[in-house]
Structures are given as structure tokens and as C-alpha cells.
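Listed here are the chains, written in short residue letters.
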Amino acid sequence: LAVIAFEIIAALWFFTLGSVFGSFMNVVVYRTPRGKSIVGPSRCPKCGSAIRWHDNIPVLGWFFLKGQCRDCGLPISPRYPTVEFVTACLFLVLALAELASGGTNLPAFEADPSAGFAGVIADANWPLIGIYALHSLLVTALFCWGLIRVDEMTIPKVQVWALWIVLLAAAVAWPATLPLDYSGQPILPGGEFVRPAAFRTAAFGFSAGVVVYLIWTALQRIIPLARESKAQNFALAAGFTSIGLALGWQSVVSILFLTALSRGIFALSSFRSPKLRTTPLLIDVMLATVIHICFWNRLWLLPSWPGVQGVWPAVIGSAIALVVLRFACAPQPRG
């Protein structure tokens, strides 16, 4: 019973942690593209009154206020608790997939399926904890940038540069956060020349993201189906280069394929509303990244899965996926 109670408490803790990050992300999404400081209390978007600390509880605070400002009584958008709840779910899903499973979702990882939260924390499995932290950071950044594009704003370049630096530093300082190197072999923490291998892995991953961007912009000239958006192209480049730094070039190909698959299915479905068709592509990329991370090891057991084979099949698969995305994407918003 004690172990079960610990597992439940740990799950609730990760959910709560995610909701706190979601609350902060609401601030980042609204303020940074508009050049405002993220320092200072949250305020009502209508009257500007500071929101009291007991009303600023993630998810629950909005319901306690019945969706209205305590001072002016005007409605507060339900997007705020929605973002907090979704971020909380993302943190929990990744924690269940990576920590509670003992790393069974990761390829070439010495997993312990029976570990649970208790085993990972009690045994101080720092490589796995570090991987979870890095993946949570990546997914949160993609979600944050996707929401900025929902608002038809441009992602601040300082955020992209900061994430690139953190991901590259993590790969070099802690190679264990990269399960596979650029050649598809496991990175052994105690192996020789492990740091140069980790750097090359991150560099190859970053380059794969750049190639995705170059092919995408080339397709925009060849297949001019929609009005172009520099902000959208920059968002796509920022997303896939960050994925490459954190997960390697093989994952860039896999996530690109999953993105094309999801967007293609939705585009062909008659029940998808016009509003959903204009969803920024980076939201699809974020969801594809979560799916890839959660089922990474299972996908890598499929011999024909994009990214498992050599470079040229990956290039050809990426080009096909980008063509599908080009036809599946609706005209982009302004910005």
C-alpha cells in the first residue's frame, strides 16, 4: 500500500509541476512576443488589476473565480486554465512513459520495467531523470512556440537561442541524455570519446532540422499553394532544429513523418473544421514529438520506420512527408 500511495503522490506531483509550468507559459506566450517583461504579477487582461495569489492557482483558480476577474467582473479567457491543464497532462504523460516505466520507451537503454516512480527516485537514476527533464523542456518549448503562433505572433529569437544553448550544453555535459548517437548506436556514458560523439550527434541533429527547413522553403516555391509566412517558417526551423539537438537526426525524420501523418489524416477528414485546419504546424509537431518519445523504442523495432534505416531512405522519407504537409496545410495566418 505504501508503494501504491507513493506512485499516486508522485503522479500528482508531476501533474502539479506541469500546471505550474503551464501557468508561467501563459505569461511567456502573452508578454514576450510583445516585448513585455515576464517579471511581475499576473494581471487581468481587461482592467489591468493584479491577480491575487490565491486566485492564481493553476487550473483551479479560474474555476474559483467562475471565469471572471474579481475586480472588474469581466470574463477571463478559458484558454489560461486549458493551457495549464494540457501542460500538466504533458508532464504526467512523459513521466509515466519514461520514469514510471523505468525507461522502457527509450531505445538502447538499460530499462527496468518494474522500477516505477519509487524505484527511479529511490535508486537516484539520474540519467533517466535527466532525460525526462530534457524531454519535458523540449515539449514545453514546442507548445509555447505553437501558442505564440496561434496568436499570429513571431517567436522571439532569444528564446530559440537560449533553448539551443541549453540542449547543446546538456548533450555535451551529460551524454547519457542522448540514447542514440548519430550512427544509431547507443552512447555509452563510460565509453571513450563519449563527449565528442555526443557533440557530433547534436550537430547532426541540428543539421537535420536545417535540411527540413530548406526542403520546406524549396517546396513553397515549387508548390505555391498558400500565402507564405516567414514567422511560420522560422517556427518550423526552430522546432525541428531543437528536436534534432535533443533527440538526434533520426528522431527528426520520425517526428516529421508522424506530423505529416496526423496533419494528412485531419486534412482528408471531412469532420475537421476550417478553424482547426489553420492550427499552426508547430502544434502538430509538438504532439508528434510526444508520441515519438512515448513509443520511441517500439517505433525503432519496426525495420521500415523512417529514421531506423540509413541516411538516404531518411532523406527520401522526409521529402515525401514534407510534400504531404505542403498539400495538407491550410493558408498560414499573417505574421
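Keep in mind it's a predicted model, so treat the numbers as computed, not measured.

Caption draft 1: Fine view of helix H13 (residues 311-328). Its 18 residues place the ends of H13 25 Å apart at the C-alpha level, agreeing with the 26 Å of an ideal helix rising 1.5 Å per residue. Listing the buried residues of H13 in full gives Ala314, Ser318, Ala321, Leu322, Leu325, Arg326 and Ala328. Buried residues of H13, viewed axially, fall in a sector of 160°; they line one side. Facing away from the buried side of H13 by over 90 degrees, the exposed positions are Trp312, Ile316, Ile320 and Phe327.

Caption draft 2: Structural view of unusual backbone geometry. Positioned with a positive phi, Val59 is a non-glycine residue whose angle comes to about 70°. For Val59, the location among the structural elements is in the loop between helix H1 (2-31) and helix H2 (60-64). Its identity is not glycine, yet Ala108 carries a phi of approximately 55°, on the positive side. With respect to the secondary-structure elements, Ala108 resides in the loop between helix H3 (79-100) and helix H4 (116-122).

Caption draft 3: Region of interest: the packing of H3 against helix H5 (residues 126-150). For the pair H3 and H5, the least separation of the axes is 10 Å and the interaxial angle reads 155°. Here H5 runs roughly antiparallel to H3, going by the angle between their axes. For the element pair H3 and H5, the recorded crossing hand is right-handed. Across from Arg79, Val83, Val86, Thr87, Leu90, Phe91, Leu94, Ala95, Glu98 and Leu99 in H3, the residues of H5 making contact are Leu128, Ile129, Ile131, Tyr132, His135, Ser136, Val139, Thr140, Phe143, Leu147 and Val150. For the contact of H3 with H5, a count of residues per class yields 15 nonpolar, 4 polar and 2 charged.

Caption draft 4: Geometry of a nonpolar patch on the surface. On the surface, Leu1, Ile4, Ile8 and Leu12 cluster together into a nonpolar patch covering about 480 Å² of accessible area. The class of Ile4 is exposed, set by a relative accessible area of 51%.

Caption draft 5: Just the side chain of Arg31, in detail. Within the fold, Arg31 resides in helix H1. As a buried residue without a salt bridge, Arg31 has its nearest oppositely charged side chain in Glu84, at a separation of 12 Å. When residues no more than four places from it in sequence are discounted, the contact partners of Arg31 are Lys36, Ser37, Ile38, Val39, Gly40, Pro41 and Ser42.

Caption draft 6: Local environment of the confidence of the model for the protein chain. Mean pLDDT over the protein chain: 86, with 92% of residues reaching 70 or higher. Taken element by element, the predicted model of the protein chain shows its lowest mean pLDDT in helix H10 (residues 274-277) (59) and its highest in H3 (96).

Caption draft 7: Quick peek at the side chain of His135. If you trace the backbone, His135 turns up in helix H5. For His135, the side chain forms a polar contact with the side chain of Glu98, separated by 2.7 Å. Contacts of His135, omitting those with residues within four sequence positions, involve Leu94, Glu98, Leu106, Leu247, Ile293 and Trp296.

Caption draft 8: Broad picture of the packing of helix H7 (residues 194-222) against helix H8 (residues 230-247). In the contact formed by H7 and H8, the axes pass within 7 Å of each other and the chain directions differ by 155°. As summarised for this structure, H7 and H8 are arranged roughly antiparallel, according to the angle between their axes. The crossing of H7 and H8 is right-handed. In this structure, H7 uses Thr201, Ala202, Gly205, Phe206, Gly209, Val210, Val212, Tyr213, Trp216, Thr217 and Gln220 to contact H8, whose residues at the interface are Asn233, Leu236, Ala237, Phe240, Thr241, Gly244 and Leu245.

Caption draft 9: Structural detail: empty space enclosed by the protein. For the coordinates displayed, the defined rule picks out 2 cavities of 30 Å³ or more. Taken as a whole, the largest cavity holds about 70 Å³ of empty space. As for the largest cavity, its lining consists of Cys44, Ala50, Ile51, Arg52, Asp55, Leu65, Cys69, Arg70, Asp71 and Ile76. Its residues placed into classes, the lining of the largest cavity shows 6 nonpolar, no polar and 4 charged.

Calculation criteria
Chains are numbered independently. Their residues run from 1 in the order of the written sequence. Since the coordinates come from a predicted model, pLDDT governs what is reported: local features require at least 70, and pairs of side-chain atoms require 80 or more to be given and counted, while whole-chain, interface and lining totals use all residues. Calculated side-chain values reflect all of the structure's heavy atoms, with hydrogen atoms and water omitted. Here a helix means four or more residues in a row that DSSP labels H or I, a strand means two or more in a row labelled E, and each is numbered from the N terminus. One less than the residue count of a helix, multiplied by 1.5 Å, gives the span that helix is expected to have. The rule is simple: take the accessible area with a 1.4 Å probe, protein chains only, and divide by the maximum for that residue type; under 20% is buried, over 50% is exposed, in between is partly exposed. In this context, the arc is that of the directions from the helix axis out to the C-beta atoms. To obtain each axis, a line is fitted to C-alpha atoms, and for helices this fit is confined to the stretch in contact; angles are then taken between N-to-C directions over 0 to 180 degrees. By definition in this entry, angles of less than 35 degrees are roughly parallel, angles greater than 145 are roughly antiparallel, angles of 65 to 115 are roughly perpendicular, and the rest are oblique. Left-handed describes a crossing whose near helix is turned anticlockwise from the far helix through less than a right angle; right-handed describes the clockwise counterpart. Every residue pair with non-hydrogen atoms within 4.5 Å of one another is taken to be in contact. Under the scheme applied, nonpolar residues are Ala, Val, Leu, Ile, Met, Phe, Trp, Tyr, Cys and Pro; charged residues are Asp, Glu, Lys and Arg; polar residues are all the others, including Gly. Here, patches come from residues exposed beyond 30% relative accessible area and free of salt bridges, joined within 9 Å for like charges and within 5 Å for nonpolar side chains (Val, Leu, Ile, Met, Phe, Trp, Tyr). Each accessible area is a Shrake-Rupley result for a 1.4 Å probe, and residues are judged covered by the shown protein chains and nothing else. Definition used for salt bridges: Asp or Glu carboxyl oxygen within 4 Å of a side-chain nitrogen of Lys or Arg. All tallies of charge rest on Lys and Arg as positive and Asp and Glu as negative; His and the ends of each chain are not included. Residue-level confidence of the predictor, termed pLDDT, takes values from 0 up to 100. Counting of polar contacts relies on pairs of N or O atoms within 3.5 Å, with two restrictions inside protein: one atom must be capable of donating a hydrogen and the other of accepting it, and residues adjacent in sequence are counted only when both atoms are side-chain atoms. Using protein atoms alone on a 1 Å grid, points that fit a 1.4 Å probe yet trap it form a cavity, whereas open point sets bounded by protein on both sides within 12 Å along at least five of seven lines form a pocket; residues with an atom within 4 Å of a point count as lining. Grid points are joined across faces, edges and corners, and a volume is the space filled by probe spheres set on the points.

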